[in-house]
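Listed below, chain by chain, are the residues.
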Amino acid sequence: MKLTRKDVEYVAALAHLELEPAELERMAQQLDAILEYIDQLNRLDTTNVEPMAQVLADTRPNPSVREDAVQPSLPREQALAAAPDADGTFFKVPKVIER
Amino acid sequence: MELSGLTVGKVRELVSARQVSARELAQQHLAHIEKRNAELNAFLTLCPERALAQADAVDRKAKAGEPLPPLAGVPVAIKDVIVTRGVPTTAGSRILEGYAPPYDATAVARLEQAGAVVLGKTNCDEFAMGSSNENSAYGPVRNPHDTARVPGGSSGGSAAAVADGLAVAALGSDTGGSIRQPAGFCGVAGLMGTYGRVSRYGLIAFASSLDHIGPFARTVRDAAAVMQVMAGRDPNDSTSADVPVPDYLATLDQPVKGLKLGVPKEYFGAGLDPEVRAKVEKGIARFRELGCEVREVSLPHTDYAIACYYIIATAEASSNLARYDGVRYGPRAASDTPEAMYDRTRGQRFGAEVKRRIMLGTYALSAGYYEAYYLKAQRVRTLLYRDFVEAFKQVDALVTPTSPTPAFKIGEKSDDPLAMYLADIYTVTGDLVGVPGISVPCGKSKAGLPIGLQLFSRHFDEARLLQLANAFEQAGGFNL
């Protein structure tokens, strides 16, 4: 076993996923099998091989150097329309700060 | 009218000659969907008002004798991971239940500008994660060729819709094979352009370095026509390529004699169903008869593609799906604190496969594992990329099976995530290295199930891919 139940609980907390006890158990087994399969990558020697985060980056303008100009954007009421709770100006969430 | 035989060209001809109105065509398709959808479950939402308004606009142009745009009156279906203004878009997930987006994806806007009539949204695996459509929160799609079987995934609804006459063309998305694999399983053409060829503005993100939008159609010419109107730079997608788009239809019918085709030996190894192998080999023979030079090539890192993919795709997914937290869209689980609201909303509303992938991706990116998994996978991605660069020094295109087997039974692999992942073994590498790929039918198995043949070409050489696929179709390749 590469993954203990405790590891799975830790990762679920990082991922903000509330999992049922039975789900945690099953998740540990399934992730373990998948990670075992993925371990075959270690058979490859990748010394001096650069990691590739994306392909064909030279075919598009570099977004980090585009002009920083204001563009039309979504009207506020449309941006808020799909929210489960909003007050017309902001998204509303349960109370963050204790009084 | 026999809807399942209609093509883009035929629709345009009928509508411009006013032999049938775009409105009538839209109505006939909507009626056919109403009749068939209970069995197939291909559509999640219909938008008849939008469809008929667009059809009427096309009919007014036809009546006035104005020139009609390239997709005038063509009834199309849109995968439910592509947003449509005011039309519910769920990505097959309960976490976006009832979500009506405030804007249209660029691909959809371009189709409508070209006269296409959007009928509705098609079912898919939740957030496009799956190879069978069984991961949809709204039930599986059934394969029109055998309703006990899966249509493939994740764009199963779009593939089934085109195969069954519910739409003349459809849009899907491809991150690891999600256009080509269901196209193969349902016996239609499915095209993925080069990474960046089609804007993803409005595509609900799964894995941003791998996601593509592309068409399903009944003919290669139709796939080319739909790709033509979608392709090209979009300032709203910073990853869309600033590379000129050639006229695909202009070169479609050019002879393929003398073109060099590579057969990668690693795609014909253990695990390939004998019937699929036989049909694909017959397909390769057909290319030889057309005058192509066929030679064996090697893509030596192929065996590592699935492992590489499931780290990169899940890592990116875990980040992209962080936005579903019950704050800005979708339903929210009742809770006293924001933390509990995030955890509960996500825990209750994501399906099992999505949770599995978020967990795997989060793990791969977490402290202590980032180098061992995520960076390792990215280095292997470089090796896969080099395989293709080397192969394309020798040949103009690669020919392979689309999938190792024809459509499998519903339930057959749903308890074994790893077995399901291996259904994408021949398609994932195309996404990882960014080359364009197409799946076209190459006959059926003895049981009557479609078999797909896949072609890859060089980056941005969709024209060559379409030319080869069209020559294959014209030479009877679809019915081998």
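Located above this text is the structure these notes cover.
Described below are features of the structure shown in this document. Starting afresh in each chain, residues are numbered from 1 along the sequence in its written order. Going through the entries in the order they are written, you letter the chains from A and number the ligands from 1. The predicted nature of this model means local features are confined to residues of pLDDT at least 70 and side-chain atom pairs, given and counted, to a pLDDT of 80 or more, with totals for whole chains, interfaces and linings taken over all residues. To get the side-chain values, all heavy atoms of the structure are used, and hydrogens and water are removed first.

### Some points on the overall build of chain B
Phase 1 of the analysis: Starting at the N terminus, helices and strands are each numbered in turn, a helix being any DSSP run of H or I of at least four residues and a strand any DSSP run of E of at least two. For chain B, the helix and strand inventory stands at 16 helices and eleven strands.
Phase 2 of the analysis: Any residue under 20% of the maximum accessible area for its type is buried, any over 50% is exposed, and the rest in between are partly exposed; the area is computed with a 1.4 Å probe on protein chains only. Taken across its 480 residues, chain B has 67% of its residues classed as buried.
Phase 3 of the analysis: Residue pairs at least 24 apart in sequence account for 76% of intrachain contacts in chain B once pairs closer than 6 positions are excluded.
Phase 4 of the analysis: Accessible surface, chain B as shown: approximately 15,000 Å² in total, 48% of it carbon and sulfur.
Phase 5 of the analysis: Placing the 52 positive and 52 negative side-chain charges of chain B at their respective mean positions leaves the two points 2 Å apart. Residue contacts are defined here by distance: any two heavy atoms, one from each residue, within 4.5 Å place the two residues in contact. The method behind every accessible area is Shrake-Rupley, applied with a 1.4 Å probe, and residues are considered shielded solely by the protein chains displayed. Working convention for charge: Lys and Arg count positive, Asp and Glu count negative, and His plus the chain ends are omitted. A charged residue contributes its charge at one atom only: NZ of Lys, CZ of Arg, CG of Asp or CD of Glu.

### Things to note about the pattern of salt bridges
Residue and element names in this part refer to chain B.
Phase 1 of the analysis: We define a salt bridge as a contact between a side-chain nitrogen of Lys or Arg and a carboxyl oxygen of Asp or Glu at a distance within 4 Å. Following the criterion strictly, the structure yields 28 salt bridges over all chains and no others.
Phase 2 of the analysis: Between E39 and R36 there is a salt bridge whose closest N-O contact spans 2.9 Å. Taken together, the residues E39 and R36, both in helix α2 (residues 22-40) and three residues apart, mark about one turn of the helix.
Phase 3 of the analysis: Overall, the relative accessible area of 37% leaves E39 in the partly exposed class.
Phase 4 of the analysis: Notably, a salt bridge pairs R349 with E97, separated by 3.1 Å at the nearest N-O pair. Taken together, the positions of R349 in helix α11 (residues 338-349) and E97 in the loop between β2 (75-79) and α4 (106-113) put the pair 252 residues apart, joining distant regions of the chain.

### Some words on the nonpolar core
Phase 1 of the analysis: Grouping buried Ala, Val, Leu, Ile, Met, Phe, Trp, Tyr and Cys residues that are joined through side-chain atoms within 4.5 Å yields what is termed a nonpolar core. One finds I38 of chain A together with L71, L111, F127 and L455 of chain B to be the most contacted residues of the largest nonpolar core, which totals 182 residues.
Phase 2 of the analysis: Counting residues per element, this core draws most heavily on helix α10 (residues 305-320) of chain B, which supplies eleven residues.
Phase 3 of the analysis: Not counting the four nearest positions on each side in its chain, L455 of chain B is found in contact with L261, F287, L398, V399, P436, G437, I438, L465, L468 and A469 of chain B.
Phase 4 of the analysis: Grouped together as the second largest cluster of nonpolar side chains are six residues, A407, F408, M420 and A423 of chain B included.

### Here we look at the interface of chain B and chain A
Phase 1 of the analysis: Contact with chain B, which involves 70 residues of that partner, is made by 51 residues of chain A.
Phase 2 of the analysis: Viewed at the interface, chain A and chain B are joined by two salt bridges.
Phase 3 of the analysis: A salt bridge links E18 of chain A to R344 of chain B, with the nearest nitrogen and oxygen atoms 3.3 Å apart.
Phase 4 of the analysis: Polar contacts, as counted here, are pairs of nitrogen or oxygen atoms within 3.5 Å of one another; within protein the pair requires one atom able to donate a hydrogen and one able to accept it, and residues that are adjacent in sequence qualify only if both atoms are side-chain atoms. Between the two partners, chain B and chain A, sit 17 residue pairs in polar contact (both at pLDDT 80 or more).
Phase 5 of the analysis: Those elements giving two or more residues to the side of chain B that touches chain A turn out to be α10, α11, α12 (352-365), α13 (370-394), α14 (417-421) and α15 (428-433) of chain B.
Phase 6 of the analysis: Of all the elements, α13 of chain B adds the most residues to the side of chain B that touches chain A, at twelve residues.

### What about the pairing of strand β5 (residues 189-192) of chain B?
Residue and element names in this part refer to chain B.
Phase 1 of the analysis: Side chains of β5 alternate between two faces, with A189 and L191 and G190 and M192 buried alike.
Phase 2 of the analysis: Looking at chain direction, β5 and strand β6 (residues 212-217) are connected through two bridges and run antiparallel. Among the inter-strand pairings, A189 is bridged to a residue of β6, identified as A217.
Phase 3 of the analysis: Bridge count for β5 against strand β10 (residues 437-444) is three bridges, and the pairing is antiparallel. Directly across from L191, in β10, lies its bridge partner I438. Pairing between strands is defined by DSSP: at least two bridges between them are needed.

### Some remarks on the packing of aromatic side chains
All names here are of chain B.
Phase 1 of the analysis: Only Phe, Tyr and Trp rings are paired, with Trp represented by its six-membered ring, and only when their centres lie within 6.5 Å; those with planes under 30 degrees apart are stacked, over 60 edge-to-face, the remainder tilted. A full pass over the atoms with the stated rule returns 17 aromatic pairs over all chains.
Phase 2 of the analysis: Aromatic pair F287 and F472: ring centres 5.0 Å apart, planes at 15°, arrangement stacked. You can see F287 sitting in helix α9 (residues 274-289) and its partner F472 sitting in helix α16 (residues 462-474), a full 185 residues away along the chain.
Phase 3 of the analysis: For the ring pair F388 and F456, a centre distance of 5.6 Å and an interplane angle of 75° mean the geometry is edge-to-face. On the criterion of sequence distance, the pair formed by F388 in helix α13 and F456 in strand β11 (residues 450-457) is long-range, its members being 68 residues apart. Judged on exposure class, the residue F388 and its partner F456 are both buried.
Phase 4 of the analysis: Each member of the aromatic cluster is reached from another via a ring pair, and the members are Y99, F127, Y324, Y329 and F350.
Phase 5 of the analysis: For a lysine, the NZ atom is tested; for an arginine, the CZ atom; a charge sits over a ring if that atom is within 6 Å of the ring centre and within 35 degrees of the ring normal. Looking at K413, its charged tip hangs above the ring of F408, at a distance of 4.9 Å from the centre.

### A look at the side chain of E23 of chain A
Phase 1 of the analysis: Checked against the element boundaries, E23 of chain A lands in helix α2 (residues 21-38).
Phase 2 of the analysis: Since its relative accessible area comes to 16%, E23 of chain A is described here as buried.
Phase 3 of the analysis: Sequence-distant contacts of E23 of chain A, that is, excluding residues within four places in its chain, are made with E18 of chain A together with K355 of chain B.

### Some remarks on the side chain of R381 of chain B
Phase 1 of the analysis: Locating R381 of chain B in the fold gives a position in helix α13.
Phase 2 of the analysis: For the buried R381 of chain B, no salt bridge is present, and the opposite-charge side chain at shortest range is E316 of chain B, 4.5 Å distant.
Phase 3 of the analysis: In this structure R381 of chain B touches M52, A53, Q54 and V55 of chain A together with S209, L210, C308, I312, D431 and L432 of chain B, once residues within four positions along its chain are discounted.

### Description of α12 of chain B
Phase 1 of the analysis: For a helix, the expected span equals 1.5 Å multiplied by the number of residues minus one. Between its terminal C-alpha atoms α12 of chain B stretches 20 Å, which fits the 20 Å expected from 14 residues at 1.5 Å a residue.
Phase 2 of the analysis: Across the 14 residues of α12 of chain B, twelve count as buried, placing the element largely inside the fold.
Phase 3 of the analysis: Looking at α12 of chain B, one finds that the buried residues are E353, V354, K355, R356, R357, I358, M359, L360, G361, T362, Y363 and A364 of chain B.
Phase 4 of the analysis: Turning to α12 of chain B, the residues buried within the fold contact α1 (5-14) and α2 of chain A together with α10, α11, α13 and α14 of chain B.

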